[in-house]
Amino acid sequence: MLTIATPEGVTFSLPLAGPFTRSLAYFIDMAALMAFFKIFHTVFQMLQLMGDVGIGLTILIQFAFINGACLLSELLWQGKTPGKKVLGLRVMDEHGLKLRPEQVVIRNLLRFVDALPVFYALGGTVALFSSRSQRLGDLAAGTVVVRTVKSSPPDVESVLAGKYNSFRDHPHLEARLRQKISAEEAQLALHALVRRDELEAEARVRLYEEFANLFREKVKFPVEAVFGLSDEQYVRNVVETVFRKRSSV
Amino acid sequence: MISDLKTFIEREKPHWEDLERELLRVREGVADLSDLAYSRRLLSLFQRTSSDLARIQGYSAEPELKAYLENLVGTGYSEIHSATRSTRRFQPLGWLIHTFPQTFRRQIWGFWVALAWTIVGMILGGLLVAFDVQEAREAIYPFPHLVQMTPSERVAREEKPTVEDRLAGAKATFSASLMQNNISVSFKAMAFGMTYGLGTVLLLFYNGVVLGAVALDYIADGQTIFLLGWLLPHGSFEIPAILVAGQAGLVIGRALIGWGTSDNLRTRFRLIAPDLATLAGGAAVMLVWAGIVEAFFSQYHAPVLPYSVKIAFGSIELVLLFAFLFRSGAKAALKMRN
């Protein structure tokens, strides 16, 4: 993990990409490059038919693409190449700052040494022993490759909204429930609902059962309020009761 | 710990989404950061989100929210705290005529060291040829025709009148191949700086050995004029370009060793990064010119192209190049300093 402390006194961590994932990204880049040459094979052939100038141009275009495709892609695509994009990786400054163009140029120029003697053996070995998984080019350029965390805030509202809560017909019991349930218990129940889809089916059933039993012991609701309620729906009703805004009661 | 996560998220989420939107606008370059009110608002949103992250840190029950806020604060930190933000676009001409020569002069020590190692190599190469070490010739010379025939024989062959241009229909291909090869060699000279400069020194030394051996071979055989006419037009750019790439490699080597500075390795690399990129780019531009000259000009000899013209052309190039490297951008640098 790359941990950065901001002047605001906050620290945040970014997951570093290991040598294996980076190698995979590189193979994808190479495959993309080969596909490019395959697709434009006819164009290159037509260029070569133009004679001397066409052949010269082909040599230069191929040279520029083989050596400059990653560089150009990282420059224009905020530290990403096609391979990195597919695997959710990106190059960034090791201090968490914006990637500067010269950093991209240096890390790509130094591929020559990282690739020695074959298949990035030197760069890979250096990255294995580096605390930030940096190859030589990264060390010189002051860059790291991190995994892009695609995240969004927990969708609490959708967990609580949309279903009829039979407990609402018994406001005095709801008030008692709010008194008897601690803040920690309510939070845990809310998390269990928010992460519903992350839990395995069996674990989910067991967890909701435990929560429902705990809450059932705190306040007894009449049979008509709980008839046919699953453990999960019981927990959902309890959480909605606890977190519902008072004005909407 | 936050006692009411739902209220916390409900209250703060609009600000987080606002920050997300604004950061996207900044990244896309559509936000006007010169607008003080806007910048203050952006900073305020970032600080509020940072504060929210600080509140949930240490509370292990919020991994999802924590990951989201860390991502947002990380992006905000990158955009807001980057001292590298420049509103000016990259100007290739300004970079070439000002930045490149200024950088060359700032790291001039590297150029002198690169030149010194090349000269040491040239002396050794010259000595090996002077003592007529046949094995050395075979080991040193990069092209078989240099070993298989004496300089006089080659000159006689080159000067033999032919009806057809032997490079007809192949000049551009030859030029492109030369550029490709020379740029690769130069970038290797730079990259080998990561071996504490040793790889760079060896490459420059070897280049020097070849150059010295070939030069003495031709001089000893009375072909000095041919040699100058052959090498000067493209060599006046090609050799300095390799030296400039070597200069960049030595700058890397010095940063690794850490001579004359108490900065740590990361800081040392951070300080030299812009210079390295500029030197590498400058060397590449020089080699493109050298490739064109070598294919379209250097390969023609008397009587097609008089040696006097070739030598004059090469000499003028050399003088102009060094005038450019040592003088260009000096006024602009002085103006900035004042």
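Residues numbered from 1 in each chain as written. Chains lettered and ligands numbered in written order. Predicted model: local features only at pLDDT ≥ 70, side-chain atom pairs only at ≥ 80, totals over all residues. Heavy atoms only, no water.

1. Focus on the overall build of chain B
Looking only at helices and strands, chain B has 14 helices and 0 strands in total. Taken from N to C terminus, the helices and strands of chain B fall in the order α-α-α-α-α-α-α-α-α-α-α-α-α-α. When its C-alpha atoms are laid out on the principal axes, chain B stretches across 95 × 45 × 35 Å. A burial count over chain B gives 49% of its 338 residues as buried. Taking contacts inside chain B between residues at least 6 apart in sequence as the whole, the part at least 24 apart equals 77%. Carbon and sulfur atoms provide 63% of the accessible area of chain B, an area that totals close to 16,700 Å². (Helix = DSSP H or I, 4+ residues; strand = E, 2+ residues; numbered from the N terminus. Buried < 20%, exposed > 50% of the residue type's maximum accessible area, 1.4 Å probe, protein only. Contact = heavy atoms within 4.5 Å. Areas by Shrake-Rupley, 256 points an atom, 1.4 Å probe, with all protein chains shown as cover.)

2. A short note on unusual backbone geometry
Where the residue is not glycine, phi is negative for most of them; where a peptide bond is considered, it is trans in most cases. The omega angle of the peptide bond from L116 of chain A to P117 of chain A is -20°, so this bond is cis rather than trans. By the secondary structure assignment, P117 of chain A is in the loop between α6 (111-114) and α7 (121-129). The backbone phi angle of Y120 of chain A is positive, close to 55°, even though this residue is not glycine. You can see Y120 of chain A is positioned in the loop between α6 and α7. Note on Y120 of chain A: relative accessible area 17%, which makes it buried. With a phi close to 60°, Y196 of chain B is a non-glycine residue in the positive phi region. Tracing the sequence through the fold places Y196 of chain B in the loop between α9 (171-191) and α10 (198-220). Y196 of chain B gets classed as exposed once you look at its relative accessible area, which sits at 53%.

3. Description of helix α1 (residues 19-39) of chain A
All names here are of chain A. Spanning 21 residues, α1 covers 30 Å between terminal C-alpha atoms, matching the ideal 30 Å at 1.5 Å per step. All of the buried residues in α1 are R22, A25, D29, L33 and F37. All buried residues of α1 lie within an arc of 120° about the axis, which places them on one face of the element. Among the exposed residues of α1, those oriented more than 90 degrees off its buried face are F20, F27, M34, K38 and I39. (Expected span 1.5 Å × (residues − 1). Arc of directions from axis to C-beta.)

4. Structural notes on the nonpolar core
Note on soluble globular proteins: their nonpolar side chains tend to be buried together. In terms of nonpolar packing, the biggest core is built from 53 residues, with L110 of chain A together with M194, V244, I252, F269 and L276 of chain B touching the most fellow members. Those residues in contact with F269 of chain B that sit more than four places away from it in its chain are L139 and A140 of chain A together with M194, I252, A255 and L256 of chain B. Among the nonpolar cores identified, the runner-up in size contains 29 residues, and V10 of chain A together with F8, L19 and Y68 of chain B belong to it. (Core = buried A, V, L, I, M, F, W, Y, C linked by side-chain atoms within 4.5 Å.)

5. Structural notes on the pattern of salt bridges
Should the charged atoms of two oppositely charged side chains come close, the side chains can pair. According to the stated counting rule, one finds 25 salt bridges over all chains in the structure shown. In this structure, R132 of chain A engages E94 of chain A in a salt bridge whose closest nitrogen and oxygen atoms are separated by 3.1 Å. With R132 of chain A in the loop between α7 and α8 (136-141) and E94 of chain A in the loop between β3 (89-93) and α5 (101-109), the pair connects residues that are 38 residues apart, well separated along the chain. A salt bridge links D18 of chain B to R41 of chain B; its shortest N-O distance comes to 2.7 Å. In this pair, D18 of chain B sits in helix α1 (residues 5-27) while R41 of chain B sits in helix α2 (residues 36-56), placing the two residues 23 residues apart along the sequence. (Salt bridge = Lys/Arg side-chain N within 4 Å of Asp/Glu carboxyl O.)

6. So, the domain arrangement of chain B
The extent of an interface is frequently quoted as the accessible surface area lost upon association of the parts. Domain boundaries in chain B define domain 1 (5-81) and domain 2 (92-337). Here domain 1 of chain B and domain 2 of chain B have C-alpha centroids that lie 52 Å from each other. (Domains from an automatic or database assignment.)

7. Let's talk about the pairing of strand β4 (residues 143-147) of chain A
Residues and elements named next belong to chain A. Most of β4 is tucked away, with 4 of its 5 residues classed as buried. Inspection of the sheet shows β3 paired to β4 by 5 bridges, in the antiparallel sense. What sits directly across from L89, in β4, is R147. (Pairing = 2+ DSSP bridges.)

8. A closer look at the interface of chain B and chain A
Residue-level contacts link 62 residues of chain B with 56 residues of chain A. Note on chain B versus chain A: buried area summed over both sides is about 5,300 Å², and carbon and sulfur give 65% of it. Taken together, the links from chain B to chain A amount to 5 residue pairs in polar contact (both at pLDDT 80 or more). Listed by contribution, the elements that provide at least two residues to the side of chain B that touches chain A are α1, α2, α3 (63-81), α9 and α12 (265-298) of chain B. Of the residues in the side of chain B that touches chain A, the class split is 33 nonpolar, 15 polar and 14 charged. (Buried area = accessible area lost by both parts, 1.4 Å probe. Polar contact = N/O pair within 3.5 Å; in protein donor to acceptor, adjacent residues only side chain to side chain. Nonpolar A, V, L, I, M, F, W, Y, C, P; charged D, E, K, R; others polar.)

9. Digging into the packing of helix α4 (residues 92-106) of chain B against α12 of chain B
Helix packing for two helices is described by the angle between their axes and how far apart those axes are. Residue and element names in this part refer to chain B. Interhelical geometry of α4 versus α12 gives an angle of 115° and a closest axis separation of 9 Å. Helix-helix and strand crossings are classified by hand; for α4 and α12 the assignment is left-handed. Across the interface between the two elements, W95, L96, T99, F100, T103, F104 and R106 of α4 pack against D275, T278, L279, G281, G282, A283, V285 and M286 of α12. (Axes fitted to C-alpha atoms, helices over the stretch in contact; angles between N-to-C directions. Left-handed = near helix turned anticlockwise from the far one by under 90°.)

10. Digging into the packing of helix α12 (residues 201-218) of chain A against helix α14 (residues 231-243) of chain A
Residues and elements named next belong to chain A. Direction vectors running N to C along α12 and α14 enclose 55°, while the axes themselves pass 8 Å from each other. With respect to their mutual orientation, α12 and α14 come out oblique. The way α12 lies across α14 gives a crossing that is left-handed. Note on element contacts: α14 touches α12 through D231, E232, Y234, V235 and V238, opposite Y208, E209, F211, A212, F215 and R216. (Parallel < 35°, antiparallel > 145°, perpendicular 65-115°, else oblique.)

11. Quick look at the environment of E102 of chain A
Along the chain, E102 of chain A falls in helix α5. Exposure remark for E102 of chain A: the relative accessible area of 16% places this residue in the buried category. Between the alpha carbons of E102 of chain A and A141 of chain A there is a distance of 7.8 Å; along the sequence they are 39 residues apart. When residues no more than four places from it in sequence are discounted, the contact partners of E102 of chain A are A273, P274 and A277 of chain B.

12. With respect to the packing of aromatic side chains
Aromatic rings in a pair are described by how distant their centres are and how their planes are angled relative to each other. By the definition in use, this model includes 27 aromatic pairs over all chains. Residues F37 of chain A and F44 of chain A carry aromatic rings whose centres are separated by 5.8 Å and whose planes lie at 45° to one another, so their mutual orientation is tilted. Side by side, F37 of chain A and F44 of chain A carry an identical accessibility label, which is buried. With a centroid separation of 5.6 Å and 65° between ring planes, the pair formed by F111 of chain B and W112 of chain B is classed as edge-to-face. Overall, the relative accessible area of 1% leaves F111 of chain B in the buried class. W112 of chain B sits in the partly exposed class, given a relative accessible area of 44%. What links up through ring pairs into an aromatic cluster is the set F36, F37, F40, F44 and F65 of chain A. In this structure, R154 of chain B is placed above the aromatic ring of W230 of chain B, and the distance from its NZ or CZ to the ring centre is 4.2 Å. (Phe/Tyr/Trp six-rings, centres within 6.5 Å; stacked < 30°, edge-to-face > 60°. Lys NZ or Arg CZ within 6 Å of the ring centre and 35° of its normal.)

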